Amino acid sequence: MVTVCLLSARTSVAQNSPAPVSIVITHVTVINPGTSSVQANQTVVIAGDYIISVSNSTNVKISNARLIDATGQYLIPGLWDMHVHSAFGDWFPGGRDIILPLFIANGVTGVRDMGGDTLVLLEWRKEISSGQIIGPRMIISGPMLDGYLPNGKLRFPSSVAITTPASAVAAVDSLKKQGVDFIKVQSVISHDAYLAAAAEAHKQGLPIVGHVPDKVRIKEVVEAGQKSIEHLMGIFEGCSTEEDKFIKGEGNLKLLLTTQDSERCNALTRLLAQNQTWQVPTLAWQRGGTFLDQRDLKHQPLDKYVPAYWRDVTWRRFTDEMMPDLVRDPLPLRQEYFSRNLQMVGALHRAGVPFMAGTDTAPGVYIIPGFSLHDELTNFVEAGFTTMESLQTATSNPAKFLGRESSFGSVAPGKIADLVLLTANPLENIRNTQKISAVIAKGRFFDPAALDAMLRQVEQAAKGK
């Protein structure tokens, strides 16, 4: 018998109220993806921000606790989206009131922001930590390192112009002083400037991650010690017998798919596995972008959470830029390309290349914060991951990548209490990660009523943007 001073499990926790001193979750099945363990009928005790105990004991005596009878439910670590942009210049107004709570409402308790406004993100992180606003833990890069386009402009906001190796070194040093967690590189940075940025990042003790720049071979990126590669960039080019043409900017999709060489690909796969170069394929956006002309963008089920500015200005700009090149490639060719993306992810995974889930929200057209991470987990299963391996990409793998396994990524005593309670087993169907009955973020308990209220507030905020 669990003896506690109860707060009714049916009582909604107001979003801005502090959590009870303790939370006791009983009769729950605990899933720990990192160790592939499943423990039925567990009692999980949370005090403040931390998990105190996980056991099959029924003799837990705690005063002033909220008791949750989770019979038939499943507890997993909080999810991480490892590729987001939440404060991206003026492109996505409302990030504080829309993007951040949408993550929590979907069980995403941590994000890696891959290009954003440093001061804004640091302030949000402070407010989240103090409980002033609702949002995920944030690991941030600040502005991205990129080069100028032929028109003399930077392609994206939240970017810093890199024109020489010296400017690359200066940018890395400046970002280090600003307190960023890592360095993100974009596509247009030059070959020599990229190598200088990578060397300086290592000197400053900052991981370097991001794109494989247009003028840099993937082999060079791996050898430069880049910790993660986004969007499968450089891999198909590296597998191609015509890689030189792509480096010169002379490639196209048909050439890419018709010049794949198994020996080159096997050697590249071995290099990625040996160096443990993490992959964040952002398959949700890859699929969405590859078939953008096939999507009904006027009737999106999650449109109520989308500000008009996102839809009519930012995403319209993206769509208008992408569409001419997109329709130049026949649909069957694009279908083959995306199929090859799934096959490549499966092959790299089987070879021991590590993966993490990321979505490229919010810049990806209708890649909705929080919601799209669940789509990404489904994509991993489609690529050949088991459901447990798919869960790893958003839980234990991010913790490992960040060197924070002692704090995150598992349901265990001493770990930070970022957790998601599900009404159905995600190991039976990965889509069950969407069947959320509660989210615990920094020890704060959000039950269905609180989550519904959060979504209603987001919907109202979206109407004003």
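Up top is the structure.
Fair warning: this is a prediction, and the values are worked out from it, not measured in the lab. (Residues numbered from 1 in each chain as written. Predicted model: local features only at pLDDT ≥ 70, side-chain atom pairs only at ≥ 80, totals over all residues. Heavy atoms only, no water.)

### Quick word on the overall build of the chain
Okay, so step 1: Along the backbone of the chain there are 16 helices and 18 strands.
Okay, so step 2: In terms of overall dimensions, the chain is globule-like: its C-alpha atoms have a radius of gyration of 22 Å, near the 23 Å expected for 465 residues.
Okay, so step 3: Projected onto the principal axes, the alpha-carbon positions of the chain cover approximately 70 × 45 × 45 Å.
Okay, so step 4: A buried classification covers 58% of the 465 residues belonging to the chain.
Okay, so step 5: Relative to all contacts within the chain whose residues are 6 or more apart in sequence, the contacts with residues 24 or more apart total 75%. (Helix = DSSP H or I, 4+ residues; strand = E, 2+ residues; numbered from the N terminus. Rg over C-alpha atoms; globule rule 2.2 N^0.38 Å. Buried < 20%, exposed > 50% of the residue type's maximum accessible area, 1.4 Å probe, protein only. Contact = heavy atoms within 4.5 Å.)

### A word on the nonpolar core
Okay, so step 1: Counting residues in each nonpolar core, the largest one holds 116 residues, and the members touching the most others are Leu 145, Ile 183, Tyr 194, Ile 235, Leu 272 and Trp 315.
Okay, so step 2: Counting residues in hydrophobic clusters, the runner-up holds 18 residues, among them Ile 68, Leu 419, Leu 421 and Phe 445. (Core = buried A, V, L, I, M, F, W, Y, C linked by side-chain atoms within 4.5 Å.)

### Quick notes on the environment of Ser 167
Okay, so step 1: With respect to the element layout, Ser 167 can be found in helix α3 (residues 165–178).
Okay, so step 2: Within the local environment of Ser 167, its side chain forms a polar contact with the backbone nitrogen of Thr 163, the two atoms lying 3.0 Å apart. (Polar contact = N/O pair within 3.5 Å; in protein donor to acceptor, adjacent residues only side chain to side chain.)

### Quick word on helix α9 (residues 262–275)
Okay, so step 1: Its 14 residues place the ends of α9 20 Å apart at the C-alpha level, agreeing with the 20 Å of an ideal helix rising 1.5 Å per residue.
Okay, so step 2: Among the residues of α9, those classed as buried are Cys 265, Leu 268, Thr 269, Leu 271, Leu 272 and Ala 273.
Okay, so step 3: Against the buried residues of α9 lie α5 (218–223), β14 (228–230), α6 (235–239), β15 (278–280) and α12 (331–350).
Okay, so step 4: At the N-terminal end of α9, a side-chain oxygen is found 3.2 Å from the backbone nitrogen of Glu 263, two or three residues along, and the residue is Asp 261.
Okay, so step 5: Immediately beyond the C-terminal end of α9, within one or two residues, lies Gln 276, with a positive phi of roughly 50 degrees. (Expected span 1.5 Å × (residues − 1).)

### Observations regarding the sheet that holds strand β8 (residues 108–113)
Okay, so step 1: What the 3 strands build is an open sheet, ordered β7-β8-β9; its pairing is parallel. Strands at the two margins of the open sheet, each flanked by one partner only, are β7 (79–84) and β9 (137–140). On average, each strand axis in the sheet is inclined to that of its neighbour by 15 degrees, with strand direction left out of account.
Okay, so step 2: One ladder, built from 4 bridges, connects β7 with β8; its direction is parallel. Bridge assignment links Val 84 to a residue of β8, and that residue is Asp 113. (Pairing = 2+ DSSP bridges. Axes fitted to C-alpha atoms, helices over the stretch in contact; angles between N-to-C directions.)

### Some remarks on the side chain of Asp 360
Okay, so step 1: Assignment of secondary structure puts Asp 360 in the loop between α12 and α13 (371–382).
Okay, so step 2: One buried charge, Asp 360, has no salt-bridge partner; the nearest side chain with opposite charge is Lys 184, at 6.4 Å.
Okay, so step 3: Asp 360 has contacts with His 83, His 85, His 231, Thr 282, Trp 285 and Ile 367, leaving out every residue within four places of it along the chain. (Lys, Arg positive; Asp, Glu negative; His and termini not counted. Salt bridge = Lys/Arg side-chain N within 4 Å of Asp/Glu carboxyl O.)

### So, the packing of helix α10 (residues 283–290) against α12
Okay, so step 1: Look at α10 against α12: their axes get within 10 Å of each other, and the N-to-C directions meet at 170 degrees. Judged on the interaxial angle alone, α12 and α10 are roughly antiparallel. Residues Leu 283, Gln 286, Arg 287 and Thr 290 of α10 touch α12, and the partners they reach there are Arg 334, Tyr 337, Phe 338, Asn 341, Leu 342 and Val 345.
Okay, so step 2: Residue composition of the contact of α10 with α12, by class: 5 nonpolar, 3 polar and 2 charged. (Parallel < 35°, antiparallel > 145°, perpendicular 65-115°, else oblique. Nonpolar A, V, L, I, M, F, W, Y, C, P; charged D, E, K, R; others polar.)

### Here's the deal with α3
Okay, so step 1: End to end, α3 covers 20 Å across 14 residues, agreeing with the expected 20 Å (1.5 Å per residue, within 8%).
Okay, so step 2: Residues of α3 that are buried include every one of Ser 167, Ala 168, Ala 171, Val 172 and Leu 175, and no others. Down the axis of α3, the buried set is contained in an arc of 140 degrees. They therefore lie on one face. Away from the buried face of α3 by more than 90 degrees, exposed residues Ala 166 and Lys 177 are located.
Okay, so step 3: Each element contacted by the buried residues of α3 is listed here: β10 (144–146), β11 (159–161), β12 (183–185) and α4 (191–203).
Okay, so step 4: In the segment just after α3, Gly 179 is the residue with positive phi, at about 95 degrees. (Arc of directions from axis to C-beta.)

### Notes on the packing of aromatic side chains
Okay, so step 1: Throughout the structure, instances matching the rule amount to 16 aromatic pairs.
Okay, so step 2: Here the guanidinium or amino end of Arg 112 rests over the ring plane of Phe 182, the centre of that ring lying 5.8 Å away. (Phe/Tyr/Trp six-rings, centres within 6.5 Å; stacked < 30°, edge-to-face > 60°. Lys NZ or Arg CZ within 6 Å of the ring centre and 35° of its normal.)

### Concerning the side chain of Glu 243
Okay, so step 1: Topologically, Glu 243 is positioned in helix α7 (residues 243–247).
Okay, so step 2: Glu 243 sits in the buried class, given a relative accessible area of 10%.
Okay, so step 3: Sequence-distant contacts of Glu 243, defined by excluding residues within four places in its chain, comprise Arg 217, Ile 218, Glu 237, Gly 238 and Arg 264.

### Structural notes on the pairing of strand β17 (residues 436–441)
Okay, so step 1: Counting buried residues along β17, 6 of its 6 residues qualify, which places the element largely inside the surrounding structure.
Okay, so step 2: Of the strand pairs in this sheet, strand β16 (residues 419–422) and β17 are connected by 4 bridges, and their pairing is antiparallel. When the sheet's bridge partners are listed, Val 420 is paired in β17 with Val 439.
Okay, so step 3: Here β17 pairs with strand β18 (residues 444–446) via 3 bridges, running antiparallel. Paired with Ile 440 across the bridge in β18 is Phe 445.

### What about the packing of helix α1 (residues 95–105) against helix α16 (residues 448–463)?
Okay, so step 1: Contact geometry for α1 and α16: axes closest at 9 Å, N-to-C directions at 155 degrees. Between α1 and α16, the angle is such that the two are roughly antiparallel. Seen from above, α1 lies across α16 with left-handed handedness. For the pair formed by α1 and α16, the contact residues are Asp 97, Ile 98, Pro 101, Leu 102, Ile 104 and Ala 105 on the first element and Leu 451, Met 454, Leu 455, Val 458, Ala 461 and Ala 462 on the second. (Left-handed = near helix turned anticlockwise from the far one by under 90°.)

### Describing the state of the cysteines
Okay, so step 1: Scanning all chains against the criterion turns up 1 disulfide.
Okay, so step 2: What pairs with Cys 239 in a disulfide is Cys 265, and their sulfur atoms sit 2.1 Å apart. Looking along the S-S bond of the Cys 239-Cys 265 disulfide, the torsion reads about 70 degrees, which is the right-handed sense. Taken together, the residues Cys 239 in helix α6 and Cys 265 in helix α9 connect sequence positions 26 residues apart.
Okay, so step 3: Using a relative accessible area of 15% as the deciding quantity, one classes Cys 265 as buried. (Disulfide = S-S within 2.5 Å.)

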